[in-house]
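These are the residues of each chain, in order.
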Amino acid sequence: MRLLSTLLVALLPVAAPAAGQPLSPAAAALTEYLRLDTTNPPGREAAAAAFLAARLAAAGIASQRYVTADGRTSFAARLPATVPPGERGGGIVLLHHLDVVPAGEGWTMPPFGGEVRDGALFGRGAIDSKGLGVAFLEAFLAAARLPDRRRELLYLAVADEETGGLAGTAFLWERHPELFAGVEAVLGEGGSNRVVLGRTFHFGVEVAQKRPLWLEVTARGRPGHASSVNPESAAHRLIAGLARLLEAPAVWRVTPVARRFFEQLAPHDPQAAKVAADLDRIAATGEPTAAIVPGMGGLFLDTLQVTQLAAADRINVVAGEARASIDIRLLPDSDQEAYLAALRERLGGGFDIAVRLAAPPSPASPDHGPVWKAIAAALGGERVPVVPVFIGGITDGRYFRQRGIAAYGVSPFEIENLLLRGVHGPDERMPLAAFDAGVARSIDLVRRLVAPADEITESR
Ligand SMILES: [Zn+2]
């Protein structure tokens, strides 16, 4: 499988710039941005915010930094609407995150080197999400040069998305909600395009996602030396409790958002068509069918993963306390309180359960209306279908969606799906041709949203 993938990557059509050909200004900016190590934890977003501030300042645009007590820095700049109030639409936020996940092992290029090989720019964050951040920056700068704008535009770069956003978007909503007055829609990461062997089958615009429920479970017991008999070991209690959780049967459920997703995707994707044909059977039996595409099972289940374990720091010590982190992802309409009550009952007595991150249910963002139309026209136009998608991951879009603001996960980039394994993995890279085309598409998208209607020509 690995070999096959490597072979396929080698066969991909690569529009590599000739050796020595200069990078586009946007790609050069991304190179610099990728060299700023914003690994989270700890984040260190301040330098990245300063980098963006300098680029805006060079165009005469002021910006504002928002810093938590721990120094976690988020960043915003604003372009006001210029048409008379009666002719204005709601505000638009262009969102990405400054932080990146740790580089990890297995890179063949330096993860914070900003180096180009075979027509692609390598670096942690190239796709997730500094590439999008630079594309949005270019679109924002282009919007600043428009003679008139019918919507206010907010460029927003946040800290801490990769560990849940509490020190980033959640902090901004809690401490600076005035930032978002009058906002109609947010564009951010989470777009999921299907691109295979040089052909783009569809642009997927995320309109719904699962919800995190991150728990820390603690067991207590009698500490001591490992040579003694100790039936009250905290570690043993924890292991037994977690085993009971893992034994819980999985109940497959077809939510309205999953049904809509597969039915809308079906005409453009044979695998989705097979799943769509099986939805009634899945709903009736509570079990999966063969058609479910690998990696899509999570769209039908509340999932639970035990991800971190901690007890004593030495082999011959029985710890008085043992802890597990559990990453649960709920379907959009699952009842969190009922889920937690069932989990408590299975776990049994003697455990402390702390909720580290949770999100209330929220409706899917509309796949109609002026914002959706602008996205569909700019991404796909007449050329490629644009479909609303439901994703298993989470993005900061949820902080807006749960407050009734439409949030759209968009990727303006046509990136071979095989390359997406570099996201959170080794050798994350942005093909330069796809990047430059995506920057142009982002400029077009924002212009469609903010330029007065009579200034938008159907040039694409
Ligand atoms: Zn991301």
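Residue positions are given per chain, counted from 1 along the sequence in the order it is written. Only residues with pLDDT of at least 70 get local features here, since the model is predicted, and only at 80 or more are side-chain atom pairs given and counted; chain-wide, interface and lining totals rely on the full set of residues. Side-chain calculation: all heavy atoms of the structure are included, whereas hydrogens and water are not.

Secondary structure follows DSSP: runs of H or I at least 4 residues long count as helices, runs of E at least 2 residues long count as strands, and numbering of each begins at the N terminus. Helix and strand counts for the protein come out as 12 helices and 18 strands. Only the C-alpha atoms count toward the radius of gyration. The rule for a globule is 2.2 Å times the residue count to the power 0.38. Here the C-alpha radius of gyration of the protein, 24 Å, is about what a compact globule of 460 residues would show, namely 23 Å. If one aligns the C-alpha atoms of the protein with their principal axes, the spans along those axes are about 80 × 50 × 50 Å. Accessible area is worked out with a 1.4 Å probe on protein chains only. A residue is then buried under 20% of its type maximum, exposed over 50%, and partly exposed in between. For the protein, the proportion of its 460 residues judged to be buried stands at 52%. Between two residues, a contact is recorded if the distance between any of their heavy atoms is within 4.5 Å. In the protein, once contacts between residues fewer than 6 apart in sequence are set aside, the share between residues at least 24 apart is 78%. Reported accessibility uses the Shrake-Rupley method at a 1.4 Å probe radius. Residues are deemed covered only where the shown protein chains occlude them. Surface exposure of the protein reaches about 20500 Å², of which carbon and sulfur atoms provide 56%. Between the averaged position of the 46 positive side-chain charges in the protein and that of its 50 negative side-chain charges there is a distance of 1 Å. For the purpose of counting charges, residues Lys and Arg are taken to be positive, whereas Asp and Glu are taken to be negative. His and the chain ends are not included. Charged side chains are reduced to one point each, which is NZ for Lys, CZ for Arg, CG for Asp and CD for Glu.

What follows concerns the sheet that holds strand β15 (residues 351-358). Here 4 strands make up an open sheet; going across it, the order is β12-β14-β10-β15 and the pairing antiparallel. Of all the strands in the sheet, the pair left with one neighbour each is β12 (303-310) and β15. Across the sheet, the mean angle from the axis of one strand to that of its neighbour is 20°, orientation sign disregarded. One requirement defines pairing of two strands: DSSP has to find at least two bridges between them. Two strands pair when backbone bridges link them, and β12 and strand β14 (residues 321-330) are joined in this way by 7 bridges, in the antiparallel orientation. From the neighbouring strand, Thr303 faces β14, where its bridge partner is Arg329. Of the strands in this sheet, β10 (211-220), β12, β14 and β15 touch helix α9 (residues 336-347), which is tilted by about 25° from β10. Helix axes are fitted only over the stretch in contact, all axes being lines through C-alpha atoms; the angle between N-to-C directions runs from 0 to 180 degrees.

This brings us to the nonpolar core. What we call a nonpolar core is a set of buried Ala, Val, Leu, Ile, Met, Phe, Trp, Tyr and Cys residues that are connected through their side-chain atoms within 4.5 Å. In terms of nonpolar packing, the biggest core is built from 88 residues, with Leu187, Phe300 and Tyr408 touching the most fellow members. Ranked by residue count, the leading element in this core is helix α4 (residues 130-144), at 9 residues. These domain limits were set by an automatic method or by a database of domain assignments. Each of two domains, domain 1 (12-190 + 395-455) and domain 2 (211-358), supplies a minimum of three residues to this core. Residues Leu156, Val158, Val183 and Trp214 belong to the second largest nonpolar core, which totals 22 residues.

With respect to topology, 3 strands assemble into an open sheet ordered β4-β5-β18, the strand pairing being antiparallel. Of all strands in the sheet, those bounded by a partner on one side alone are β4 (116-117) and β18 (429-431). Taken together, the 2 bridges between β4 and strand β5 (residues 120-122) define a ladder with antiparallel strand orientation. Paired with Arg117 across the bridge in β5 is Ala120. Across the sheet, helix α12 (residues 432-450) touches β4, β5 and β18, and the angle it forms with β18 is around 70°.

Turning our eyes to something else, we now look at the domain arrangement of the protein. Where the parts come together, the accessible area they lose is often given as the size of the interface. Looking at the protein, the domain boundaries give domain 1 (12-190 + 395-455) and domain 2 (211-358). A straight line from the C-alpha centre of domain 1 to that of domain 2 covers 32 Å. Each partner contributes to the interface: domain 1 provides 5 residues, whereas domain 2 provides 4 residues. Accessible surface is computed with a 1.4 Å probe, and the buried area is the amount of it that two parts give up when combined, taken over both parts together. Of all residues in domain 1, Thr163, Leu166 and Arg398 bury the most surface against domain 2, accounting for 77% of the area lost on that side. What makes a salt bridge here is a side-chain nitrogen of Lys or Arg within 4 Å of a carboxyl oxygen of Asp or Glu, nothing more. Our count for the contact surface shared by domain 1 and domain 2 stands at 0 salt bridges.

Take the coordination of the zinc ion next. In this structure, His97 (NE2), Asp128 (OD), Glu189 (OE) and Glu189 (OE) serve as the protein donors to the zinc ion, at separations of 1.8 to 2.7 Å. Donor atoms: N, O and S within 2.8 Å of the metal, or within 3.2 Å for Na, K and Ca. Because water is excluded, sites can look incomplete. Key to geometry: four donors with every angle between 85 and 135 degrees are tetrahedral; four donors are square planar and six octahedral where opposite donors lie over 155 degrees apart and all remaining angles lie between 65 and 115; all other sites are irregular. Between the 4 donor atoms coordinating the zinc ion, the angles at the centre fall across 52 to 146°, so the site counts as irregular. Written as a sequence motif, the donor arrangement for the zinc ion is H-x30-D-x60-E. Of this pair, His97 sits in strand β3 (residues 91-97) while Asp128 is found in the loop between β5 and α4, placing the two residues 31 residues apart along the sequence.

Before going further, it helps to examine the pairing of strand β17 (residues 406-409). Along β17, one buried face is formed by Ala406 and Tyr408 and the opposite face, lined by Ala407 and Gly409, is buried too. Where strand β7 (residues 183-188) lies against β17, 4 bridges are found, and the strand directions are parallel. For Gly188, the partnering residue across the bridge sits in β17 and is Gly409.

This part covers the pairing of strand β1 (residues 63-67). Within a regular strand, the side chains alternate between the two sheet faces. Here 5 bridges tie β1 to strand β2 (residues 73-79), and the two strands are oriented antiparallel to one another. Its bridge partner being in β2, Ser63 is matched across the sheet by Ala77.

A few words on the environment of Gly422. Within the secondary structure layout, Gly422 lies in the loop between β17 and β18. The class for Gly422 is buried, based on a relative accessible area of 2%. The residues contacting Gly422, other than those within four sequence positions of it, are Arg124, Asp427 and Glu428.

Applying the stated criterion to the full structure yields 24 salt bridges. Of the charged contacts, one joins Arg401 and Glu206 as a salt bridge, the two residues approaching to 2.8 Å between their closest N and O atoms. Separated by 195 residues along the polypeptide, Arg401 in helix α11 (residues 397-401) and Glu206 in strand β9 (residues 199-209) bring together distant segments of the chain. Given a relative accessible area of 4%, Arg401 falls into the buried group. For Glu206, a relative accessible area of 1% corresponds to the buried category.

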